[in-house]
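So you can see what is in the structure, the chains are spelled out below.
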Amino acid sequence: MTRPAARSGSRASADRLARLLNLVPYLLARPGIEIAEAAADQGVTERQLREDLELLWVCGLPGYGPGDLIDMAFDGDRVTITYDAGIDRPLRLTPDEALALVVALRMLAETPGVANREAVERALAKIENAAGDLVGAPVEVRLPADTRRVAELRAAVESGRALGITYYTAARDESTDRVVDPLRMLMVGGRAYVEAWCRRAEGMRLFRADRIDAVTSLDEPAVVPPQARPHDLTAGVFRPSPNLPLITLRIGRGERWITEYYPCESVEADGDRWRVSLRVTDLGWARRFVLGLGPDVTVVAPAELADQVRATAVAALDAYATPAPPVRAAAASDPALAAGTQ
C-alpha cells in the first residue's frame, strides 16, 4: 500500500508549537488528568505527549531559572501544571482557522437530518460575533448537491406526508415511479439522502436526492410500518455482504483511488500494479464501472464480467470503425436530395 508523503520539518515544528501553547491551558483546566486521556484529547500518542511535557519543562520566561520555567507535578500516570509562566490562555484563532470553523458550522447547519440545528446555529452565532474581525467578508456555504431539490425534499419530509417520486436507479440504469413514506433526511459522504419506506419494494430504502427526478407531496400522511428500522450508516451507505457478486480487478497507479473510495475485501501488490477484490450490487453496474476506468484496468474475475466488458468494448469499436456514408453519395442516390444540393 502507498503512504502519503511525510510532512516537511517546518510544518511538523509549527504543529508542535501550536500544540504546546494550547497544552498548558488545557492541563490547567484539568489538574490531575491521566496522560492517556490527555493524549487522546490532543490526538497524539502517549509517547508524543510525554515528549511534549519534557519540552515544556524547559520553557518559560526570560531568565530561565527556578521560578521562571513551566513546572508540573506527576502522580503516577497523572499530571498537574503547578506553574504556567503566564501561558494560561489558548491561542486566538487565526483568520484561516476562524474561517474554516465558520464554514464547517454553516455546512453542518445546512446538513439535512441534523437533530439539533438550533444548537449549531447558536454556536455559529457566538463564534461569528467573537471572530468577526478575523473572518472578514461573509461566507456563503453550498452543499454539494442541488440545494433547491434538497430544500424541497426537506420541506416535504417535514410535512409528514407521503411522497410520489420518480427515481433513477443507477445499478439497473432505469427510472421508476414510487410512493414512499419518508422517515428522515440525512447526509452521508457529502450526498443528501431521503430514508423512506418504499411501498413498491415493501422495505426501507435510501434515495439519493440528486437521483430523484420528480417529487409530489400526496394528500395522505406518511405511515412507516412499525417493523421498519432505520439503516445503520456508520460504515457508509453501501454495505457489502457475502451474497453480492465479488469482482477482482488488476489496476494501475492511476486507479488506486478505488481502494479509498470503495470498501475492498483485499488489496494485493501484483508487480507494479494492484489486485483489488470488492463486492458489487450486480454485474451490470460492474460492467459500466470497469468501462469507465479506462485501459489501465484488467478484469481478473469473474469470467462473465470479463466477457461482458469485452463484448461492449468490441461493439463500441465496431461502431466507430463503420464510416458514415458521405453526403454527396447520399444525395446522388436520392433525386430529391440531389435537387436540393444544386
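In this report, the structure presented in the accompanying data block is examined. Position labels on residues start from 1 in each chain and follow its written sequence. For this predicted model, a pLDDT threshold of at least 70 governs which residues receive local features, and a threshold of 80 or more governs which side-chain atom pairs are given and counted, while totals over whole chains, interfaces and linings are taken from all residues. Only hydrogens and water are set aside when side-chain values are computed; all heavy atoms of the structure are taken into account.

**What about the overall build of the chain?**
Starting at the N terminus, helices and strands are each numbered in turn, a helix being any DSSP run of H or I of at least four residues and a strand any DSSP run of E of at least two. From N to C terminus, the chain includes 12 helices and 12 strands. Burial classification: accessible surface area is computed with a 1.4 Å probe over protein chains only, and a residue below 20% of its type maximum counts as buried, one above 50% as exposed, and the rest as partly exposed. Within the chain, buried positions represent 32% of all 342 residues. Every residue pair with non-hydrogen atoms within 4.5 Å of one another is taken to be in contact. Considering only residue pairs separated by 6 or more positions, the chain has 57% of its internal contacts joining residues 24 or more positions apart. Working definition of accessibility: Shrake-Rupley area with a 1.4 Å probe, residue cover restricted to the visible protein chains. Summed over its atoms, the accessible surface of the chain is roughly 21100 Å², and 54% of this surface lies on carbon and sulfur atoms.

**Concerning the environment of methionine 185**
The topology assignment puts methionine 185 in strand β5 (residues 174–188). Separated by 10 residues in the primary sequence, methionine 185 and glutamate 195 place their C-alpha atoms 6.1 Å from one another.

**Description of the side chain of aspartate 270**
Examined against the element boundaries, aspartate 270 turns out to sit in strand β10 (residues 264–270). In protein, a polar contact means a hydrogen-donor-capable atom and an acceptor-capable atom, both N or O and within 3.5 Å, with residues adjacent in sequence counting only if both atoms are side-chain atoms; elsewhere, any N or O pair within 3.5 Å suffices. Polar contacts involving the side chain of aspartate 270 include one to the side chain of arginine 275, which spans 3.1 Å.

**A short note on the packing of helix α2 (residues 35–42) against helix α3 (residues 46–56)**
Two numbers describe a pair of packed helices, the interaxial angle and the distance between the axes. Only the stretch in contact is used when a helix axis is fitted, and all axes are lines through C-alpha atoms; the angle between N-to-C directions ranges over 0 to 180 degrees. The N-to-C vectors of α2 and α3 enclose an angle of 100°; their axes lie 9 Å apart at closest approach. By the criterion of interaxial angle, the relationship of α2 to α3 is roughly perpendicular. Residues Ile35, Ala36, Ala38 and Ala39 of α2 pack against Glu46, Leu49 and Arg50 of α3. Any residue outside Ala, Val, Leu, Ile, Met, Phe, Trp, Tyr, Cys, Pro, Asp, Glu, Lys and Arg is labelled polar, Gly included; the first ten of those are nonpolar and the last four are charged. A breakdown of the residues in the contact of α2 with α3 according to their chemical character gives 5 nonpolar, no polar and 2 charged. Each angle receives one of four descriptions, namely roughly parallel if under 35 degrees, roughly antiparallel if over 145, roughly perpendicular if within 65 to 115, and oblique otherwise.

**Points about helix α10 (residues 303–321)**
Working rule for helices: expected span equals 1.5 Å times residues minus one. Here α10 spans 26 Å end to end across 19 residues, near enough to the 27 Å set by a 1.5 Å rise per residue. Residues of α10 that are buried in the fold lie against β9 (246–251), α9 (283–293) and β12 (297–301).

**Some remarks on the sheet that holds strand β2 (residues 71–75)**
On the basis of which strands lie adjacent, the open sheet formed by 3 strands has the order β1-β3-β2 and antiparallel pairing. Each edge of the open sheet is held by one strand with a lone partner, namely β1 (33–34) and β2. What makes two strands pair is DSSP finding at least two bridges between them. Pairing geometry for β1 and strand β3 (residues 78–83), over 2 bridges, is antiparallel. Its bridge partner lying in β3, glutamate 34 is registered against arginine 78.

**Some words on the pattern of salt bridges**
We define a salt bridge as a contact between a side-chain nitrogen of Lys or Arg and a carboxyl oxygen of Asp or Glu at a distance within 4 Å. Evaluated as defined, the whole model comprises 12 salt bridges. Between arginine 50 and aspartate 77 there is a salt bridge; the shortest N-O distance is 3.3 Å. On the criterion of sequence distance, the pair formed by arginine 50 in helix α3 and aspartate 77 in the loop between β2 and β3 is long-range, its members being 27 residues apart. Between aspartate 270 and arginine 275 there is a salt bridge, with its nearest N and O atoms 3.1 Å apart. Here arginine 275 falls in the partly exposed class, since its relative accessible area comes to 29%. One salt-bridge network, in which partners are shared between bridges, spans Asp181, Arg199 and Glu220.

**Examining the environment of glutamate 34**
In this structure, glutamate 34 sits in strand β1. In this view, glutamate 34 contacts Asp77 and Arg78; residues no more than four positions away in its chain are not counted. Here the side chain of glutamate 34 touches arginine 78 through a polar contact of 3.1 Å, side chain to side chain.

**Observations concerning unusual backbone geometry**
Backbone phi values are negative for most residues with the exception of glycine, while trans is the configuration of most peptide bonds. In this structure, the amide linkage connecting alanine 301 to the following residue, proline 302, adopts the cis form with an omega of -5°. For proline 302, the location among the structural elements is in the loop between β12 and α10. Phi angles above zero are rare outside glycine, and glutamate 202 is one such case at about 55°. On the secondary structure map, glutamate 202 appears in the loop between β6 (191–198) and β7 (203–208).

**Notes on the pairing of β7**
Along β7, 5 of the 6 residues are buried, which leaves the element largely enclosed by surrounding structure. Where β6 meets β7, 6 bridges bridge the pair, whose relative direction is antiparallel. Its bridge partner being in β7, glutamate 195 is matched across the sheet by leucine 206. The hairpin turn running from β6 into β7, its antiparallel successor, is 4 residues long, and glutamate 202 in that turn takes a positive phi close to 55°.

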